[in-house]
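Close look at the chain arrangement
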2 protein chains.
Amino acid sequence: MATIYQVSELAGVSLATVSRVMNNNARVSEATRNKVLAAMEQLGYRPNSIAQSLASNRSNSVGILVSELHGPFYGEMLSGIENECRAAGKHVIIAAGHSEEASEKDGIEFLISRSCDALILHVEAVSDDYLIKLASGNMPIVLINRFIPRLANNCISLDNELGGYLATKQLLQQGHTQLAYMAGPMWKSDAKDRYHGHLRAMAEHGLSFNPALLAEGDFQDSSGSACMQQLLAKGLPFSALVCANDEMAAGAMEVARAHGLNVPQDLSIVGFDNLILARYIYPKLTTIDYPIGEMGRMAARWVLKNIYQQQALQLKNVFEPVLVCRDSASAIAAG
Amino acid sequence: MATIYQVSELAGVSLATVSRVMNNNARVSEATRNKVLAAMEQLGYRPNSIAQSLASNRSNSVGILVSELHGPFYGEMLSGIENECRAAGKHVIIAAGHSEEASEKDGIEFLISRSCDALILHVEAVSDDYLIKLASGNMPIVLINRFIPRLANNCISLDNELGGYLATKQLLQQGHTQLAYMAGPMWKSDAKDRYHGHLRAMAEHGLSFNPALLAEGDFQDSSGSACMQQLLAKGLPFSALVCANDEMAAGAMEVARAHGLNVPQDLSIVGFDNLILARYIYPKLTTIDYPIGEMGRMAARWVLKNIYQQQALQLKNVFEPVLVCRDSASAIAAG
DNA sequence: TAGTATGATGTAAGCGCTTTCATTTATAGC
DNA sequence: GCTATAAATGAAAGCGCTTACATCATACTA
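In this text the structure is predicted, and so the values were computed from the model without any measurement.

Remarks on the protein's contact with DNA strand D
With respect to spatial proximity, 29 residues lie near DNA strand D, and among them Arg20 and Thr32 of chain A together with Ile4, Ser19 and Tyr45 of chain B are the closest. Counted by atom, the contact set of DNA strand D within 4 Å of the protein is 64% sugar and phosphate. A distance of 2.7 Å separates a phosphate oxygen of DNA strand D from a polar atom in the backbone of Ser14 of chain A. Within the backbone of Ala51 of chain B, an N or O atom sits 3.4 Å from a base nitrogen of DNA strand D.

What to know about the domain arrangement of chain A
All names here are of chain A. Domain parsing of chain A yields domain 1 (4-47), domain 2 (60-157 + 292-319) and domain 3 (160-290). Distance between the C-alpha centres of domain 2 and domain 3: 30 Å. For the side of domain 2 that touches domain 3, the secondary structure elements donating two or more residues are α5 (72-87) and α13 (292-306). When the residues that make up the side of domain 2 that touches domain 3 are grouped by side-chain class, the tally is 5 nonpolar, 2 polar and 1 charged.

Considering the relation of the copies chain B and chain A
The transformation that overlays chain B on chain A combines an axial shift of 0.2 Å with a rotation of 180 degrees, and the residual RMSD is 0.4 Å. What we have between these two chains is a two-fold relation. In terms of C-alpha distance to the rotation axis, chain B has Ile281 of chain B as its closest residue, with the C-alpha 2.2 Å off the axis. When the interface residues of chain B are mapped onto chain A, 100% of them are again interface residues, pointing to one common binding face.

Considering the interface of chain B and chain A
Contact residues are listed per partner, giving 46 residues for chain B and 46 residues for chain A. Here chain B packs against chain A, burying approximately 4,200 Å² in sum over the two surfaces, 55% of which is carbon and sulfur. The largest contributions to the chain B side of the interface with chain A come from Ile50, Arg114 and Tyr280 of chain B, which together make up 18% of the buried area. With its nearest N and O atoms 3.8 Å apart, the salt bridge here joins Arg46 of chain B to Asp106 of chain A. Where chain B packs against chain A, one counts 12 residue pairs in polar contact (both at pLDDT 80 or more).

A few points about the protein's contact with DNA strand C
For DNA strand C, the set of nearby residues contains 28 residues, the closest of which are Ile4, Ser19 and Tyr45 of chain A together with Arg20 and Thr32 of chain B. Among all atoms of DNA strand C positioned within 4 Å of the protein, those belonging to sugar or phosphate total 64%. With respect to DNA strand C, the backbone of Ala51 of chain A contributes an N or O atom lying 3.5 Å from a base nitrogen. In the model, a phosphate oxygen of DNA strand C is placed 2.7 Å from a nitrogen or oxygen of the Ser14 of chain B main chain. For the surface near DNA strand C, the elements supplying multiple residues, two or more each, are α2 (15-23) and α4 (49-56) of chain A together with α2 (15-23) and α4 (49-56) of chain B. Here the element with the most residues in the surface near DNA strand C is α2 of chain A; it accounts for 5 residues. In the surface near DNA strand C, the residues fall into 12 nonpolar, 12 polar and 4 charged.

Looking at the side chain of Ser8 of chain A
Within the secondary structure layout, Ser8 of chain A lies in helix α1 (residues 4-11). Other than its neighbours up to four places away in sequence, Ser8 of chain A contacts Val13, Ser14, Leu15 and Val18 of chain A.

A few points about the pattern of salt bridges
Residue and element names in this part refer to chain B. Evaluated as defined, the whole model comprises 25 salt bridges over all chains. With a closest N to O distance of 2.6 Å, Asp128 and Arg146 form a salt bridge. Taken together, the positions of Asp128 in helix α7 (residues 128-136) and Arg146 in the loop between β4 (141-144) and β5 (155-158) put the pair 18 residues apart, joining distant regions of the chain. For Asp128, a relative accessible area of 33% translates into the label partly exposed. Residue classification places Arg146 among the buried residues on the basis of a relative accessible area of 10%. Glu294 is the salt-bridge partner of Arg297, the closest N and O atoms lying 3.1 Å from each other. Linking Arg297 with Glu294, this pair stays in helix α13 (residues 292-306), spanning 3 residues, or about one helical turn. Residue Arg297 is classed as partly exposed on the basis of its relative accessible area of 24%.

Conventions used here
Residues numbered from 1 in each chain as written. Chains lettered and ligands numbered in written order. Predicted model: local features only at pLDDT ≥ 70, side-chain atom pairs only at ≥ 80, totals over all residues. Heavy atoms only, no water. Near = heavy atom within 4 Å. Polar contact = N/O pair within 3.5 Å; in protein donor to acceptor, adjacent residues only side chain to side chain. Domains from an automatic or database assignment. Helix = DSSP H or I, 4+ residues; strand = E, 2+ residues; numbered from the N terminus. Nonpolar A, V, L, I, M, F, W, Y, C, P; charged D, E, K, R; others polar. Least-squares fit on C-alpha atoms with pLDDT ≥ 70 in both. Contact = heavy atoms within 4.5 Å. Buried area = accessible area lost by both parts, 1.4 Å probe. Salt bridge = Lys/Arg side-chain N within 4 Å of Asp/Glu carboxyl O. Buried < 20%, exposed > 50% of the residue type's maximum accessible area, 1.4 Å probe, protein only.

Set out below in C-alpha cells:
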C-alpha cells in the first residue's frame, strides 16, 4: 500500500500538504491540490485509517454494543445504525454483550480501546451507576432502549409502559375481562415497564389483577411455551393473554393450539415488538410496534449531531409504541 | 487513559518490558512481570489497540462483509463468526455490502484500510475475477456461500445443488409428479445451483420439467407471494411447490391459503434455508437446513488456523445440506 | 577462573498519519 | 518600491505502541 510519503514525493510537496488535501481542513492552492490528487490516483493511494486514528485521536467510527448479533430485533437495530452512519461516511464497530455484565463491560472497554468517537449501547446487565460514571468520562455514549433520568439526553427509548398499557387496553376494549399476563424477566426494565402498563390498564377498567394469571418467562419462544403450559395447568379461566414480546407469544400460541384452543376464537393473544415473525405466524399476531430500526437510526443521528457537528439534525428521545391489529385478538365471543 | 509509558514509570521498568508482559512473547522474570501487572492494575491500564495495530501491523481483528445486517440469515452467520473470534480474543469489524458491486468493493476497501488481519466475505455482486485478484494480494480472504474453483481452499460453501435435489426428491418420493419451482434471482449462483438440483432430481425420476411451472423471484417473501399468484394464474395443475428459500415459501403459503388451498393437503411446499421463521409459520415448513451459523464459525476457524497459527483446528470447506421434515409437505392424496 | 552461552532488560527507531509553528510567497496599500 | 498582511507550504514533533538490536548480569563449561 502506498503511503502518504510516496504521494508527497510524487507530487513534489510535503507530507503536511498531502494531509491537508485529504482532510480539506486548510487552504491549499488549486494547482497543488490537483497535483496531489493526481499522485494519489496514480498510486492508488488509500489512507491508512489506523494511522489516521492514532494521530488524530478520532477514528470516524462509532462503536455499537448489542446483546446479540442474531435475532430479528438486533438485526433491525444494527441495520438502522449502519445505514445512517454509512451515509455520513462514518463506520461502525460492533461487539456483542450477551446480556452479561462482565461481557458488556468487556465489550465497552474494547470499543473504547478501539478509539471509537462515540458509543451506541444496548446494554441490559450493567448498572445505571456504571453508565452514569461512564458517561461522565470523555467517551460520549448514547443508550438505546433504556431510560436513565440523569442521562435523559443520551437515551433513545421506547415508552414501554405505554406499550403494555395499549396491548392490554385493546383486549379490554374487545370485551375481555379475564386476562393472563406473560412477563419478560423482571430484572429487565423493559419487562417491568410493560408489566406496569398492563396493571395500569387493568386498574383503569376497574379490574383487579389475579397474580395466579401471571407467568414470568425469559423473552424466548421456548419460555413462552413453558409459561403457557403453566398457565393452562392451573385450570383458571382466561380468554385473553398479553405477552411481553412476540417470541413468547409465538411459543404460547403453539401450546394453545396443541391444547385444542383456537386463536383468537377461544383465546386472544397480543404480543409486543412487531418482529418480522409476527407477520409470519398464523394467525398473524396483533402486537405493539417497536420501531427499533428507526430508533437505531435516531441514535446514529444523535452521534452525527453531537459528535460530528451535523447541527441541522432533529432529534427525538422517546418513541411511542403503537398497536398493530392483526388476527390474533378478537372481540370475546358472546356469552 | 493511562499509556504504556506511565505503566513503565510506575513499575520502574522500560516500555519494552511492559510491552513484553502484555504480549507475552518474550521471557520476563516473574518478579518484573508482577511489578508490571500491579502497575497496570493500579492505573487501570488498557492497551490502545489502534496504536498496537499501527506498530505491529496486525490488528487482531477480522473484517466481515455481509450483504445486510438484518435478516435471520446474516444474523446467524455474524453471530457464529463473532462467537468463535471472541473466544480466541479476536475482534470483528463489520460492513454491509447491500448486494451492490460498488458498495461491496467499498466495504472491502474500508476493511482493508482498517488493517484487518483477514477478511470474511459474503459477497454476491462482485465478480470471480475481482475476488481472485483480491486473493492474490496480501490480504487473506475467506469466502462464505460462494465457490470459486481457483480459490477452493478459501471457500466455505454449501452444496446448493444437492439441497435443491434433496428438496425435490422428497416431494417426488411422496408421490408428487406435478411440481412447480420458485427460483431465486438466477444471477446469484446459489439460486442457480438450487435450481439445477431440482432439475437433476426431476430427470432422475424420469419427469420432464415444465417451464411454465417455473417462476423467478428475488428471495423476498413478497416476491414469493407474487410468484405464487403468477403460478396460480396459469391454471396449470401442480400438487407441490419447491421454493428456493424459506421466505418466498412463506409468501407463497399465504397466497395459497388465500386461494383456499390447504397446505399440505392440497399443496405441498418445501423451502430452503431453515430460517427461524420456518418453525413459526403454520404449518411448520419442511425445508433444507442451511447451517449458516456453523459455516460462519468455520470461516472464523479458517482465519484462526491460517492467520493466527492455531494449527490444531480442523477445517471443512463444503457443507452438505440436509432435509428437515416438518408439516408443509405430505404424501399426495390418493387419486 | 577465564570464556561463553543464556536470560532479562533497556534503547531507540519506526508504524503512517495529524497538527502546531515557523517560513516562504503572493497580495495589497500607500 | 517598500512594508504590512494574508495565504500557502514545509519542518518536525508527536500519537501509543512493537521490535530489532545492544547491553548487562548470571550461570555454565572446561
